[in-house]
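# Observations on chain architecture
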Amino acid sequence: MNFKAVILDFDGTIADTRSLIVRTMQQTIAALGLPGRTDDECAAMIGLPLKQTFTELIPMDDATGDRCAETYRRLFFENNVPGAVPMFPGVKDTIIRLHASGRLVTIASSRLRGSLTAFVDEMGLAPYIPYILSVSDVERAKPAPDMVIKTLEEYRLRPCEAVVVGDTSFDIRMAHAAGVKAVGVTYGNGSRESLAEARADWLIDGFSELETIV
């Protein structure tokens, strides 16, 4: 397809944050005395903005959602020790090769900018990813197309010149809402079935397979 730009999700696509996120969610739920949820139920919310992660997981009022988000951020800061989040196999090498080929590699993530940029720096990816958008940089979060549209506008790209890569249906729906093709990675937080149901244009089982598409 010879895409000029590759727009990457972070959690579940670049980095294996599932265990850290789920553990912090479970601690938040326990700390606030909320009804318990399974690890799989928590993981299914990954990809949504933080507050929405909890309000969709457990029926609650708006104020409790704010308390969940605040508690989660505090606990995440405590849990996120150096090395707590590894990259998936082949991610860094593939990103380096895509960058070397002249392709633009960017990130569009539901994570807040502070933790997102910290992870990118810690993983040594900053030299290869010149443009990062977090949920705090747009008016509407995934699956709205705002992050993709903003990336296209920033680099004066047409929708046909970019591809989104993500692990959940939210990523696929975001891409398609912007008129962009989407690759679903099956090793992350979403299931192969949910990615297929969202009509991902390609499904890959390892990040390095992305090179055969772009």
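Residues numbered from 1 in each chain as written. Predicted model: local features only at pLDDT ≥ 70, side-chain atom pairs only at ≥ 80, totals over all residues. Heavy atoms only, no water.

Moving on, we get to the sheet that holds strand β3 (residues 131-133). If you walk across this open sheet you meet the 6 strands as β3-β2-β1-β4-β5-β6, and the pairing is parallel. This sheet does not close on itself; its edge strands, each paired only once, are β3 and β6 (202-204). Averaged over all adjacent pairs, the angle separating strand axes in this sheet is 25°, with direction ignored. Here strand β4 (residues 162-166) pairs with strand β5 (residues 181-185) via 4 bridges, running parallel. Within β5, the residue paired with Val 165 across the bridge is Val 183. Each of β2 (104-108) and β3 touches helix α6 (residues 113-122); the most contacted strand, β3, lies at about 145° to it. (Pairing = 2+ DSSP bridges. Helix = DSSP H or I, 4+ residues; strand = E, 2+ residues; numbered from the N terminus. Axes fitted to C-alpha atoms, helices over the stretch in contact; angles between N-to-C directions. Contact = heavy atoms within 4.5 Å.)

Glancing now at the environment of Ala 182. With respect to the secondary-structure elements, Ala 182 resides in strand β5. Sequence-wise, Ala 182 and Asp 121 are 61 residues apart; in three dimensions their C-alpha atoms are separated by 26 Å. Residues in contact with Ala 182, not counting those within four places in the same chain, are Val 163, Val 164, Ile 172, Ala 175, His 176, Ala 200, Asp 201 and Trp 202.

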